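Working through the structure, step by step
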Amino acid sequence: MPESLVMKRPGLSVACAFAAFAAAAEAQAPAGRIPLGTGATIVQTLSTPTAERESVHRVRLASDSGLHYEWRLEEVHDNGDTLRQEFRYFEASRDIAGARRLRGYHDAKAPEAHPGYTMHALSRATYRRMLEGKPDSFQIMSVNEMPGSGQLRSLGIGGGRSAPVRWRGTIAPVSTGAAPFPVLLNGQRVQLRALHVRADLTARAGRWQPEFWVHADSTYPLILKWVGAFREPGNVLQTTRIELPSDAAALERELTSACRAELPGIYFAFNSAHIAPGSDRAIAAIAGILQRHPDWTATLEGHTDSIGSAAANKALSERRVAAVRARLIERHQVSAVRLRVAGLGAARPREPNATIEGRARNRRVELVRDCAGGKAAG
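What follows covers the overall build of the protein. Looking only at helices and strands, one finds nine helices and 17 strands in the protein. Across the 378 residues in the protein, those meeting the buried criterion constitute 53%. Counted over contacts in the protein with a minimum sequence separation of 6, partners at least 24 positions apart contribute 62%. Of the roughly 16700 Å² of accessible surface on the protein, a fraction of 52% belongs to carbon and sulfur atoms.

As structure tokens, then:
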């Protein structure tokens, strides 16, 4: 519904206009409500002025009490050292319903539960206020200094002796209605609907005005984008992928009919060919498909975004698909003669590399089955 039609209706208040727009937004979204049940995964890309890094947050358990998340981070350094940390945190149903505080960092040594805070979403109570066009009280818990390596600091990970800082203020809608927001859902681009809101917060460190785009879903208002994340003006934390428990049958049908399929659920450490732990289920599903079709031979294709040189991207893509091939052979007993690899770097983008979501879409692994008649080409 065009904005002008809503605003000009006789007797329609601004608050009602917000509500009407948001209700329409939820109804129009092709994936208006995304069931974040057990096994669902949220992939966030942190874009900084110098690099982009992905973090993979998996719903370890979804129950009536809330969402138990798991984030298994691996940071591979240039000298070959690898830092591994596991973060587990709990977003309680009562906080999803009514909390007005967001916890903006994680600490591997802290308890899982943080009563009174949401982690990945605004609460439904705050979301309703945004629909009404009204400000709401709001807080973000951050830290005064991020310890650890540069990569960990940029990912908003707390710990050590850093002191927590509570930022207090308000949050309010920036504009009426919801706008399309691109997300990869199980590897396919969809347009969700997002509300644009801005917080105005203060602490001893000064003033902070982060902006958020929030999924127009009254069940779970997932934060899709956070500009100014971790108090760095150039930081954008964006939800680029949402992956529900894999449908191996659909992947198998695609490989049967089209001879080519993108493989969602395979993740790598930043700028590395080290396969992240969250990839195990997806790789096992691929192995199962290959075992059911012993006559299939295929090529694993690696693709990257355009950040970095062409030579470096090609080499990285080659190492990554070689690692996937090795995992299939060594852990799942897939015959080595059935799998080839091809690292294509940034040569075949699916989308322009000018946006965060475009680059995320281009970082991928595809499986190309050897089919008669040239179907696998391209």
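A separate point is the packing of helix H7 (residues 280–292) against helix H8 (residues 310–332). Two elements in contact, H7 and H8, have axes separated by 10 Å at closest approach and are oriented at 70°. If you check the angle between H7 and H8, you find them roughly perpendicular. Contact residues: H7 offers Asp280, Ile283, Ala284, Ile286, Ala287 and Gln291, while H8 offers Arg327, Leu328, Arg331 and His332. Along the lines of polarity and charge, the residues of the contact of H7 with H8 split into five nonpolar, two polar and three charged.

Of all seven residues making up strand E1 (residues 41–47), seven are buried, and the element is well covered by its neighbours. Of the two faces of E1, the one lined by Thr41, Val43, Thr45 and Ser47 and the one lined by Ile42, Gln44 and Leu46 are each fully buried. Where E1 meets strand E13 (residues 236–243), seven bridges bridge the pair, whose relative direction is antiparallel. Residue Gln44 lies in a different strand from E13, and its bridge partner there is Thr239. The pairing of E1 with strand E2 (residues 52–63) spans seven bridges and is antiparallel. Considered in E2, the bridge of Thr41 is made with Arg58. In sequence, E1 turns back onto E2 through a hairpin of four residues.

So, how was this worked out
- Residues numbered from 1 in each chain as written.
- Predicted model: local features only at pLDDT ≥ 70, side-chain atom pairs only at ≥ 80, totals over all residues.
- Heavy atoms only, no water.
- Helix = DSSP H or I, 4+ residues; strand = E, 2+ residues; numbered from the N terminus.
- Buried < 20%, exposed > 50% of the residue type's maximum accessible area, 1.4 Å probe, protein only.
- Contact = heavy atoms within 4.5 Å.
- Areas by Shrake-Rupley, 256 points an atom, 1.4 Å probe, with all protein chains shown as cover.
- Axes fitted to C-alpha atoms, helices over the stretch in contact; angles between N-to-C directions.
- Parallel < 35°, antiparallel > 145°, perpendicular 65-115°, else oblique.
- Nonpolar A, V, L, I, M, F, W, Y, C, P; charged D, E, K, R; others polar.
- Pairing = 2+ DSSP bridges.

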